[in-house]
Amino acid sequence: MTHPSLKLHEPVGDEVKTTTCYMCACRCGIKVHLKDGKVRYIQGNPDHPVNRGVICAKGSAGIMQHYSPARLRKPLLRTGERGKGEFREIEWDEALALATQWLGDIRKRNPDELAFFTGRDQSQALTGWWAQQFGTINYAAHGGFCSVNMAAAGMYTLGGSFWEFGEPDWDHTRYLLMFGVAEDHDSNPIKLGLGKLKQRGAKVLAINPVRTGYAAIADEWLGIRPGSDGLFVGALVQELLRNDWVDFDYLVRYTNAHYLVVRNPGGADDGLFARDAEGRALCWTRAGVAMPADAIGIAPVVVGEFTLADGRRAVPAFQLLAERFLAADYSPERAAEQCGIEAATIRRIAREIADAAFREEIRLPQRWTDAWGRTHEEMIGRPVSLHAMRGIAAHSNGFHTCRLLHVLQMLLGAIDTPGSFRYQPPYPKGVPPANRPGKSRKPDGTLDAGPLGYVHAPEDLLVDANGEPRRIDKAFSWQHPLAVHGMLQNVIANAVAGDPQRIDTLFLFMANMSWNSAMNTTRTRRLLVEKDADGVYKIPRIIYVDAYASEMVEFADLVLPDTTYLERYDCISLLDRPISDADGASDAIRHPIARPDRDVRAFQDVLLDLGARLGLPGCVREDGSPRYPDGFAQYMVEHERAPGVGMLAGWRGRDGSREGTGEPNPQQLDRYKEHGAFWHAEVPAAGRYYKMANRDYLEWARGLGFVGSTHAQVIELYSERLQRFRLAALGHGAVQPPARERERVARYFDPLPFWYAPFEWEQTDLARYPLAAITQRPMFMYHSWGSQNAWLRQITARNFLYLHPQTAQALDLRDDDWVWVESPHGRIRVPVRCHSGTEPGTVWTWNALGKRRGAWKLASDAPESQQGFLLNHVISELLPPRADGYRYANADPVTGQAAWFDLRVRVDKAAVESEDSGLTPHRIEVARA
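Worth saying up front: this structure is predicted, and the values here are computed from it rather than measured.

Visitor: Sorry if this is basic, but what is going on with the layout of surface pockets here?
Guide: Gaps between atoms show up when a probe of the same size as a water molecule is rolled over them. In this structure, the second largest pocket occupies an estimated 590 Å³ of space. P49, R52, E167, P189 and D581 are the residues nearest the centre of the second largest pocket, which is lined by 33 residues in total. Looking at the lining of the second largest pocket, the elements that each hand over two or more residues are β8 (166-168), α6 (187-200) and β30 (678-682). Counting residues per element, the lining of the second largest pocket draws most heavily on α6, at 5 residues. Each residue belonging to the lining of the second largest pocket can be placed in one class, and the counts come to 14 nonpolar, 6 polar and 13 charged.

If you want it as C-alpha cells, here you go:
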C-alpha cells in the first residue's frame, strides 16, 4: 500500500503578519499567513500575553469571516418600504453627504434627537468621544444588555469587576467557584487557567443551571435554578458568619466593615457614616472611643452599638451585615427551597471554601509596602477565587447578586490576595471611578463630559425639572440610576412611543436590533416600521453600519458598509476594554492585513470623516480643516484625552521611549507592528497583590497614568452612596425622585446587598409558566457572529430546546419532538432534546443560532432559518403594567441591565403537522400586548 506524499511543513503563504483577533472579546494575538496578499491561514501568536499561542475554533475560522459571502459591498439607500430590503447602491460621496445633511440638521436643532447606539466590541473609546463632540446624551453601548450588572456592582464595590477587569489567581487558587460564566467570552485565558487548576488538583465548582463547556470539566456541578444565585451566596455568607469563618484583619484593613453607621430612623443622616469635623469616617475602637477609620495603630471593633460624642447612636457596618445574613431568610434551608440545592450541600460548600481559605493559607516570600508606608515581609493569601459573568448578571436582581459575591470574597479576605480574585491593570479605580455622565452642553455644542459614566449622587442624574428621564433609554434616571453602559435594549420601543421624547435619527453600529439584540424580536421588527397618522415612520431615519448582511440591514434607510477586522485599524485601548492580565498592563492594535475587494470603509474612518464634515470641535482644527485626515490610524496616535494620555500606552514620547503617558510618537504604530501588534508592561513583583492598598503598585500605576494618587482605595462592604439615593427617596436632600419612583428607589438602593425574587417571577402565574428559560453562549460562536461562518456552521447549524429527562418524561416528550414554548408574551414552535446536565426546572438553548430566512446570505433552506430559533421572540423588554398603568423596563432597577434570564415559560407537545401545511417549522405566535 502506498501513502500519499504530504508536505506537512511547507509554508502556506509567502508572508506572515501579526495582529489581534476579533472573533470574540478575548482579543487574542494571531499570526496571519498571506499568499499574494490573500489571507490563507490564521494561527495563535505564542508571544501574546492573552493567549500565548492558543487559538480556538472561532479564531482560526476568522479567515471564513474575512471571506464571508455575507459581506456588504457598497453603501445602500432604501428605495422601498422599510423592512422589505429594497435598496439601490450608491457612492460614498452621496452616502456621506446624506448622512451629513441628516446629522447636521439635528445638531443645529437639538443634538439629543440623535440616538447613537453601538453593539459588540464597539470601539467605545472612540464612539463615546464622538457622541460627546456631537453633543447628544443619547449614546449607549452593548453592555447594558450584556453584563452591566457585573461591571457596575464591581465598580461600585471594589473598583474593578469580574472578567475584563479581573481574573482568578490561576497560579495559586485552590478552590474556584464559577457562577454563570459565558463560554464564548474570554475562552482561551479561561481554558489555560482551568488547565493549570486541573494539573494542580485544585477544586473547580460550577454553579450554573446548565452543565456545558467549563462546567463539564468541573469537579462538581451544582444545577442551580436561574435567578436564585444571590440567595445561595447569602446562605454561604450565613454559614461563614455563624461559624466565625471570617478574615477580620482583612476587613478592617481594606474594607469599610468597621465604619460607624448612624442609626437615626427617619433622619437625614440615617444610614450615613459618622464623621469627624474634617469629614473623615469614624470607627469605634477597643479603647472605647471613636477614631478616624483610616488611622494607623488602632484596634477597631466590628460589632456593637455605640453612642457618639454628639449623642447619636451608631453601629459598625459589619454589624448591619451580620444582622441581615444571620436571619432566617438566608438559612440554608430557605435557600434550598428556592435554589434547588440541598441545605447540607450548601453547608458543605461553605465549609470547603473556609477550609481552603484559612487552612490552606498561602504565604509568598515577597516584601512589599502598603499605602500607609508599612513594610511587610510576605504576602498572605486566601486561595479561593470566584469568577462570574452573564448567568448572574442578566437578571432583575443581578446587581445585588453580584454585590453579594463580592461580600463573600471580602469575608474570606479573597480580593487581590495570593490565590484569590485579582485586579487587572488599570484597575482598581476609585469606588466608583470619577467620570460622571455628561449632562449639559458647552457653548461649542459638545457635552460637558462623556455620555456614559458613573453617577455618584442624585445630583448627577439625567432628569428634568420634574425628575423625569431625559435620555431616550431612561438610563441615569430615577428608574435606573446606575446604568453605566446605557440601555440599548429600550431605545427603539421608547423612541416609537415618544417616551420620554421622540428622536429623529437612530444611528446604529453593529447592533442587530431587529433580531438577536432585541429582547422581543418580533415586536421590535414591528416597531421599526411603525408609522404615525401622517404616514411618517415614528423613527424617521435609521443609519446602520455593519460589515455583513445581518437582519438589521433591511430596516435601515442608509447602510454604511464596514470592513472586516483584517482590513482596518482598531485600537484595543486601556481607555476602553483592556486586555491586561493581573501581572501586567497590555493594549493592542489591529492593522490592515489585506486590502478590501469591495467598496467599503472602516467605520472608525467614516465616523471621523463625518465629524469633520459636521465641524464637530474635536474633529476639526481651528481653520475648519479635518484634524485627522488620515483617519483612525492618525487618531490612535495623535488624540489625547488629557495631556500625555492617549489611546495607546506603548512607545509614547516623540522618541518612543516612554510608557503609559507622554506626547504622541509619530512612529508609534510601527513600533506596535514590530512587536506583535501589542504592548505589555509587567507589574513590579512587589506590586502584584493588594493593588488597592499597595504603594509599590500604586506608584507604578500612577507613573503609567492609571491612578492619580497613591492613597489606598477602600473596598465598600457597605455602600453609603446607595444609601444617599435611599434617603432622597425618603424625602431628604435637594434632589428627590418623583412620587412614583420613591418606593422603588428606597427598596432597591439598599446599602447592603440582598436577594429578592426576579420581577418576572412575581408578576407571572408560575403555575401556568412553571419553567425557567435561558440561553447559553456556545464556546464555538461569539454571540451571532459565527452563524454565517462556513467553518463554525459545521460544528452546529441548528439548535434545540434542551430539558432534563425527568422534565421530558413528565411532558411525554422524546428527542426531536416539536413543542410549543409559551410565555405571557407569545409562543414559538421548536424541537427538543433531553440533556441530563440541565436543572430540572429549567429549559435552555444555544443563543443566536437561529437566523431570519434570507439574512447573512444563507441559503433559503439553511438549517439556521428552518430549524434554528430564538427565545427572544417570547421575551418582553417591558414589565407588565403597574396599577397606575405604567410599564417599567424588564431590567434591573439599579443598573438597567436587561433581565433576559428571568423568562418563565410552559412547554407543550406540538401536534404533528403535514409537510404541505405551509407553516415554517419554527412558527412564531406573539401576544400583542
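Visitor: Teacher, can you tell me more about the sheet that holds strand β6 (residues 114-118) here?
Guide: As summarised here, the arrangement of the 7 strands in space is β5-β4-β25-β24-β23-β6-β7, forming an open sheet in which the pairing is mixed. Unpaired on one side and paired on the other, β5 (87-89) and β7 (139-140) mark the two borders of the sheet. As paired strands, strand β4 (residues 76-78) and β5 are joined by 3 bridges and run antiparallel to one another. Across the sheet, residue L76 finds its bridge partner in β5, namely E89. Of the strands in this sheet, β6, β7 and β23 (505-509) are in contact with helix α4 (residues 124-134), which crosses β6 at around 175°.

Visitor: What is the right way to read the nonpolar core from this model?
Guide: Within the largest apolar cluster, 274 residues are counted, with the highest numbers of intra-cluster contacts made by L103, W130, F179, F232, F318, L411 and F507. Considering each element in turn, this core owes the most residues, 9 residues, to helix α14 (residues 398-412). Non-local contacts of F318, meaning those with residues more than four positions away in its chain, are made with L241, V246, F248, L251, A257, V302, V303 and L411. Membership of the second largest hydrophobic core comes to 13 residues, among which are V204, Y214, A215 and A218.

Visitor: What am I meant to see in the side chain of D583 here?
Guide: With respect to the secondary-structure elements, D583 resides in the loop between β26 (570-572) and β27 (584-590). Reaching out from D583, the side chain makes a polar contact with the side chain of R422 at a distance of 2.6 Å. Those residues in contact with D583 that lie beyond four places of it in its chain are R422, A681, E682, V683 and R688.

Visitor: How should the packing of aromatic side chains be read in this particular structure?
Guide: A ring pair, where both rings are aromatic, is described by two values, the distance of the centres and the angle of the planes. Using the criterion set out here, one finds 42 aromatic pairs in the structure. Considering the side-chain rings of W478 and F725, the 6.0 Å spacing of their centres and the 75° angle between planes classify their relative orientation as edge-to-face. On the criterion of sequence distance, the pair formed by W478 in the loop between β22 (421-423) and α15 (491-497) and F725 in helix α21 (residues 720-729) is long-range, its members being 247 residues apart. With a relative accessible area of 2%, W478 lands in the buried category. For F725, a relative accessible area of 1% gives the class buried. An aromatic cluster is defined as three or more aromatic residues linked by ring pairs; in this entry it consists of F116, W130, F134, Y139, F507, F509 and F603. Residue placement shows R904 over the ring face of W761; its charged tip is 5.6 Å from the ring centre.

Visitor: Just to check I follow, could you spell out helix α5 (residues 148-155) for this structure?
Guide: Residues spaced three or four apart along an α-helix face the same direction, because each turn holds 3.6 residues. Within α5, 8 of the 8 residues are buried, leaving the element largely enclosed by the surrounding structure. All of the buried residues along α5 are V148, N149, M150, A151, A152, A153, G154 and M155. Check the buried side of α5 and you find it contacts β21 (384-388), α13 (390-393) and α14.

Visitor: Looking at this structure, I do not really get the environment of V303. What am I missing?
Guide: Mapped onto the elements, V303 comes out in the loop between β14 (290-292) and β15 (306-307). Relative accessible area serves as the criterion here: at 45%, V303 is assigned to the partly exposed category. Sequence separation between V303 and N110 is 193 residues, and the spatial gap between their C-alpha atoms is 55 Å.

Visitor: Explanation requested: the packing of helix α8 (residues 229-242) against helix α12 (residues 343-359) in the structure shown.
Guide: If you want to describe how two helices pack, look at the angle between their axes and the distance between the axes. Orientation of α8 relative to α12, taken along the N-to-C sense of each, is 60°, at an axis distance of 9 Å. Considering the angle they form, α8 stands oblique to α12. For α8 against α12, the interelement crossing comes out right-handed. Contacts between α8 and α12 involve F232, A235, L236, E239, L240 and R242 from the former and I346, R347, I349, A350 and A354 from the latter. Split into classes, the residues belonging to the contact of α8 with α12 amount to 8 nonpolar, no polar and 3 charged.

Visitor: Just to check I follow, could you spell out α14 for this structure?
Guide: With 15 residues, α14 should reach 21 Å at 1.5 Å per residue; the first-to-last C-alpha distance of 22 Å fits that figure. The buried count for α14 comes to 15 of 15 residues, which makes it a mostly enclosed element.

Visitor: Would you explain the sheet that holds strand β16 (residues 313-316) in this entry?
Guide: In a beta sheet, neighbouring strands pair by backbone hydrogen bonds and run either parallel or antiparallel. Read from one edge of the open sheet, 3 strands run β12-β16-β15, paired in antiparallel fashion. The open sheet terminates on both sides in strands that have one partner only, identified here as β12 (260-263) and β15. Along the sheet face, helix α10 (residues 317-325) touches β12 and β16 and points at about 75° away from the line of β16.

Visitor: Please clarify how unusual backbone geometry should be interpreted in this entry.
Guide: Across the junction of Y427 and P428, the peptide omega takes the value 15°, indicating a cis bond. Along the polypeptide, P428 turns up in the loop between β22 and α15. Geometrically, the link from V431 to P432 is a cis peptide bond, its omega value of -10° lying close to zero. By secondary structure assignment, the location of P432 is in the loop between β22 and α15. Look at K474: it is not a glycine, yet its phi comes out positive at around 70°. Structurally, K474 can be placed in the loop between β22 and α15. Note on K474: relative accessible area 6%, which makes it buried. The backbone phi angle of D816 is positive, close to 75°, even though this residue is not glycine. Judged by its relative accessible area of 41%, D816 is partly exposed.

Visitor: Can you help me understand the packing of α4 against helix α17 (residues 603-614) in this one?
Guide: Direction vectors running N to C along α4 and α17 enclose 10°, while the axes themselves pass 11 Å from each other. Here α17 runs roughly parallel to α4, going by the angle between their axes. Considering only the axes of α4 and α17, their crossing is left-handed. For the pair formed by α4 and α17, the contact residues are L126, T127, W129, W130 and F134 on the first element and F603, Q604, L607, L608, L610, G611 and L614 on the second. Split into classes, the residues belonging to the contact of α4 with α17 amount to 9 nonpolar, 3 polar and no charged.

Basis of the calculations
Residues numbered from 1 in each chain as written. Predicted model: local features only at pLDDT ≥ 70, side-chain atom pairs only at ≥ 80, totals over all residues. Heavy atoms only, no water. 1 Å grid on protein atoms, 1.4 Å probe; cavity = no way out; pocket = protein on both sides within 12 Å on 5 of 7 lines; lining within 4 Å. Points joined across faces, edges and corners; volume = space filled by probe spheres on them. Helix = DSSP H or I, 4+ residues; strand = E, 2+ residues; numbered from the N terminus. Nonpolar A, V, L, I, M, F, W, Y, C, P; charged D, E, K, R; others polar. Pairing = 2+ DSSP bridges. Contact = heavy atoms within 4.5 Å. Axes fitted to C-alpha atoms, helices over the stretch in contact; angles between N-to-C directions. Core = buried A, V, L, I, M, F, W, Y, C linked by side-chain atoms within 4.5 Å. Buried < 20%, exposed > 50% of the residue type's maximum accessible area, 1.4 Å probe, protein only. Polar contact = N/O pair within 3.5 Å; in protein donor to acceptor, adjacent residues only side chain to side chain. Phe/Tyr/Trp six-rings, centres within 6.5 Å; stacked < 30°, edge-to-face > 60°. Lys NZ or Arg CZ within 6 Å of the ring centre and 35° of its normal. Parallel < 35°, antiparallel > 145°, perpendicular 65-115°, else oblique. Left-handed = near helix turned anticlockwise from the far one by under 90°. Expected span 1.5 Å × (residues − 1).

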